[in-house]
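Breakdown of the fold
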Amino acid sequence: MTQQRLSRRRLRFCLYVFIAVFVVFAGRLFQIQALDMGAYAAESVRTGTARVPILAPRGKILDRNNQPLATSIDGRDITADPKLTGPNAPQIAKILRDQLGDKIDYFATIDRLRKQYYDRQAKQYRPARFAYVVKNLPAWQARNVMDALDKCKECVGVIPMKVGLRNYPGGRLAANLIGFVDAANRGQSGMELAFDKRLTGTAGKTTFEVSPLGVRIPMADTTVKKMVPGTDVISTIDGDLQWYADQRIAAGVRKSSSDWGLAITMDIRTGQIIQMSQAPSFDLDDPNDRSMTDVMNRSVEQAYEPGSVLKTVTMAALADQGKIRPETPIVVPKQVKVNEYRIGDYWQHGVLHLTAAGVIAKSSNLGTVVAARQMTKRSHWSYLRSFGFGQYTGIGLAGETHGILRSPDGPRGWAAANRATIAFGQGISVNAIQVIRAVGAIANGGVEVTPTIVEGYRLPDGRRVVVPRGPTHRAVSREAASIVTRMMEQVPRSDGGTAPAAQIAGYRVAGKTGTAWRVNPVTGRYVRGQNTVSFIGFAPADKPRFITYIVLDKPYRNAGGGLTAAPVFHDIMSMALERFGVLPTGSKSPKLDLDW
Amino acid sequence: MNAQPRGTTAHRAIPHRAGARLRGTPKAQPRRALRLVAPVANRARRTPFVVVLLTLIGLGLIGLILISTAMQAQTFQLARLSSQARDLQTTQESLQRDVSELKSPRTLGPKALWYGMVPSQTPVYLRLSDGQVIGSPKPAEARTNLEQVIR
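Residues numbered from 1 in each chain as written. Chains lettered and ligands numbered in written order. Predicted model: local features only at pLDDT ≥ 70, side-chain atom pairs only at ≥ 80, totals over all residues.

Some remarks on the overall build of chain B
Worth spelling out the cut-off: The way it works is that DSSP assigns letters per residue, a run of H or I at least four long becomes a helix, a run of E at least two long becomes a strand, and they are numbered from the N terminus. Whether two residues are in contact is decided by their C-beta atoms, placed from the backbone, lying within 7 Å.
Broken down by element type, chain B carries four helices and two strands. In chain B, the succession of helices and strands from N to C terminus is α-α-α-α-β-β. Of all intrachain contacts in chain B linking residues separated by at least 6 positions in sequence, the fraction that spans at least 24 positions is 34%.

Topic: the overall build of chain A
This is how the line gets drawn: Restricting the calculation to C-alpha atoms gives the radius of gyration, and the globule rule supplies 2.2 Å times the number of residues raised to the power 0.38. For the exposure call, what matters is how many other C-beta atoms sit within 10 Å of a residue's own: 20 or more marks it buried, 12 or fewer exposed, and in between partly exposed, using C-beta atoms placed from the backbone.
Assigned secondary structure in chain A consists of 20 helices and 23 strands. Its C-alpha radius of gyration of 35 Å places chain A more than 25% over the 25 Å reference for a compact globule of 596 residues. When its C-alpha atoms are laid out on the principal axes, chain A stretches across 145 × 55 × 50 Å. In chain A, which comprises 596 residues, the share counted as buried stands at 47%. In chain A, of all internal contacts separated by at least 6 residues, the share reaching a separation of at least 24 is 73%.

Re the domain arrangement of chain A
All names here are of chain A. We count it as follows: Throughout, the edges of the domains are those of an automatic or database domain assignment. Only Asp, Glu, Lys and Arg are considered charged, only Ala, Val, Leu, Ile, Met, Phe, Trp, Tyr, Cys and Pro nonpolar, and every remaining residue, Gly among them, polar.
According to the domain assignment, chain A contains domain 1 (2-35), domain 2 (70-173) and domain 3 (239-579). The C-alpha-based centres of domain 2 and domain 3 are spaced at 51 Å. Taken residue by residue, the interface counts five residues in domain 2 and nine residues in domain 3. Tallied by class, residues from the side of domain 2 that touches domain 3 come to two nonpolar, two polar and one charged.

Some thoughts on the sheet that holds strand S8 (residues 204-209) of chain A
All names here are of chain A. Rules: Note on pairing: DSSP must find at least two bridges between two strands before they are called paired. Throughout, an axis means a line fitted to C-alpha atoms (over the contacting stretch in the case of helices), and angles, computed between N-to-C directions, take values from 0 to 180 degrees.
Reading across the sheet, the three strands line up as S1-S8-S9 and stay open at both edges, with antiparallel pairing between neighbours. Both edges of this open sheet fall to strand S1 (49-54) and strand S9 (222-225), since each of them pairs with a single strand only. Here the average twist between neighbouring strands, direction ignored, is 15°. Inspection of the sheet shows S8 paired to S9 by four bridges, in the antiparallel sense. Bridged to Thr207 within S9 is Thr223.

Let's talk about the nonpolar core
Residues and elements named next belong to chain A. Applicable threshold: Linking buried Ala, Val, Leu, Ile, Met, Phe, Trp, Tyr and Cys residues through C-beta atoms within 7 Å yields a set, and such a set is a nonpolar core.
Ranked by size, the top nonpolar core spans 126 residues in total, and within it Ile178, Ala316, Ile436, Val484, Ile547 and Ile550 carry the most contacts. Residue-level mapping places this core at the junction of two domains, with at least three residues from each of domain 2 (70-173) and domain 3 (239-579). Dropping the residues within four chain positions of it, Ile436 is found in contact with Ile264, Met266, Pro451, Ile536, Ile547 and Tyr549. If you look at the next biggest cluster of nonpolar residues, it comprises 17 residues, including Ile78, Ala93, Leu137 and Val158.

Quick word on the pairing of strand S22 (residues 526-539) of chain A
Residue and element names in this part refer to chain A. Pairing between strand S21 (residues 510-519) and S22: 10 bridges, direction antiparallel. Looking across to S22, one finds that Lys512 is bridged to Ile536. What sits between S21 and S22 in their antiparallel hairpin is a turn of six residues, with Gly524 showing a positive phi close to 75°. Linkage of S22 to strand S23 (residues 546-553), two consecutive antiparallel strands, is achieved through a turn of six residues.

What about the interface of chain B and chain A?
Chain B puts 29 residues into the contact, and the matching count from chain A is 32 residues. At the level of elements, helix H3 (46-102) and helix H4 (105-114) of chain B are the ones that each hand at least two residues to the side of chain B that touches chain A. If one sorts the elements of the side of chain B that touches chain A by residue count, H3 of chain B sits on top with nine residues. Taken together, the residues of the side of chain B that touches chain A break down into nine nonpolar, 13 polar and seven charged.

Concerning unusual backbone geometry
All names here are of chain A. Going from Ala279 to Pro280, the amide bond is cis rather than trans, its omega being -5°. Here Pro280 shows up in the loop between strand S12 (273-279) and helix H11 (292-295). The omega angle of the peptide bond from Ala539 to Pro540 is -20°, so this bond is cis rather than trans. Residue position: Pro540 is located in the loop between S22 and S23. Of note, the phi angle at Ser363 is positive, near 55°, even though the residue is not glycine. The topology assignment puts Ser363 in the loop between helix H14 (356-362) and helix H15 (365-372). Residue classification places Ser363 among the buried positions, given that 27 C-beta atoms sit within 10 Å. The phi torsion at Lys554 lies on the positive side, around 55°, for a residue other than glycine.

Looking at H3 of chain B
This is how it is decided: What a helix is expected to span follows from its residue count: subtract one and scale by 1.5 Å.
In a regular helix each residue adds 1.5 Å, so 57 residues correspond to 84 Å; H3 of chain B covers 82 Å between its end C-alpha atoms and thus fits that length. Taken across its 57 residues, H3 of chain B has one buried, putting it largely on the surface.

Some thoughts on the sheet that holds S21 of chain A
Hydrogen bonding along the main chain pairs the strands of a sheet, whether they run parallel or antiparallel. Residue and element names in this part refer to chain A. Ordered by their spatial adjacency, five strands build an open sheet running S12-S11-S23-S22-S21, and the pairing between neighbours is antiparallel. The sheet terminates laterally at S12 and S21, the two strands that pair on one side only. Strand-to-strand twist across the sheet, computed as the mean angle between neighbouring axes with direction ignored, equals 10°. Note: strand S11 (residues 260-267) against S12, six bridges, orientation antiparallel. From the neighbouring strand, Ala263 faces S12, where its bridge partner is Ser277. Packed on one face of the sheet, helix H10 (residues 239-255) meets S11, S12 and S23 and runs near 35° to S12. In the packing of helix H20 (residues 561-579) onto the sheet, the strands contacted are S11, S12, S21, S22 and S23, and the crossing angle to S22 comes to about 25°.

Topic: the pairing of strand S10 (residues 232-235) of chain A
Residue and element names in this part refer to chain A. Neither face of S10 is open: one carries Asp232 and Ile234, the other Val233 and Ser235, and all of them are buried. Bridging between strand S2 (residues 61-62) and S10 involves two bridges; their strand directions are parallel. Residue pairing in the sheet places Leu62 in a bridge with Ile234 of S10. Pairing between S10 and strand S18 (residues 454-458): four bridges, direction antiparallel. Residue pairing across strands places Ser235 opposite Val454, the latter belonging to S18.

Here it is as structure tokens:
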């Protein structure tokens, strides 16, 4: 009986112990599952899962024929754990040097492999645990390096890390337009900067479960956040024409000893820039070849005074008001004195009797000044505004200057001298795209289009999106445009024109030379004997397709646009017409009277 | 020991497996004549059952080992193939880069000049339909256009 009671008490005791234990368990379970749920879940996710980012490749920049101008390739940064690499640094550095040649410096590499940091507590230097050895190697090169290191048993502690790399197959081709990226693959200039958002993809992520030792658990949950590659940008550039123009403008700059030169060709009807060259330029594939002045895209970033090229715009404004025709007689004086300034022509002459066409053909400043007196300065200004001067062009490239076109009224308005000089393109500053857009409007029957460098986008799923054309507006009437075109057709004439070199056999060419006084950017004053010479022209004149603008800054003394820029125009325009299969129209340029 | 009601003790004498079913049979049923029934072996033979179980367990274990071995092998194969795929991708990329560099004008242009080709300065077309030459053809002269190339 006592035995039985004892056993019962034991049983009860055990029961209570069990209950107590279960209550504790249940309490803890409740705490974990209901109260601290978030914290524990987060902790478990933190320790039990690993996340690996998936790099999204940057979109390509293609030319209009889908040839790559900028592409993304797989790259590696070679990094090291100096605690491991330190003892064998010379050996590792030798292998790296053998594999990479001049890309690395042997001694600098040894220093990196032995990188140290100062431990403040221990008050001594200790080997670091991370150091970059070589950055931005193409993956195949990194593979060769790692294969070579694998053969050396002691060479441990070198780790390749995946990075996205930008590659420019064309090297210098359209370098200033394409631009480049920084170390983090963000656009820094040119199209790389202008279309950075589209070109940049969205990085993805893989999340998988790992054991406490960090080993991936097979068959366990894996979630993948898909990466979205960047959008490809299809530019309007024709790669082959661009290369030829790059070479041709470089030769032009060399031959005329200019500081720099520009060559731009635009499709008159669409505003598509099919070539945008600059000399001197730089090599996109060589990160060390980046001087500030060569890297800037002068086509949009450089403000300068256009000179006589702007006479076409003055004439268009006059023609639009019905105040001038090609045969309008103009008495050109020996010189004009406005306030204390004397204005002359580039050649000495007495009083001349030129027609308006003659004024353009011979590029007479005085003739233009006399003709421009027929309109008020307010009206002159509003035509210049309508042609887009003093405003951004809408081309969408970063760093564009809108030039300087002062308001005609007010205390800082146009003085009498300004009014005279602006008629022939001095006292106003512009960027090259503004000029090509404005004269393009004359070629396009008076309708101004928005210049563009992008034709469309190729989305990651392969779909193509065509970029809609920018806004257009009428700057002058069709009749006015046609009058100025006929005047401009006299410029390449062998008898009396300023630029016979611009003639293209079989085609009707309309153009205008420009020789502008050059402003010293430091003093803001004209420098005697220093010019910016240019030539702008379009063809075929009776059915215009392309307009090409050549600018050469600070060529040899006394150089004019007709002798230096016009030959470059001729070659680039011929190539453009041929590449795009633009047939000659078969008609002949009208021969207008240049004097009376 | 026994929870059966007393009145049913008579049925306990019946050595039949179905006895349990007969329990609780209403008394109203007519009594059947008693007869001898062949005795049923009250215990199944143990050995075959154990063998079956062991076989099953054995097969399961072997299957498990096979599956895990196969998975291991596949993991290795996967690792090998993905590294091979990466390698091939890298090679493809390097070749693609070579191709785009080789077909880029920066390579082709200088080569063409080196072979003595001259960029045309007069666009001329041949209309295939009637064989008419459109434009004014002029022979391209060496050293008139591009003399040197910047690379």
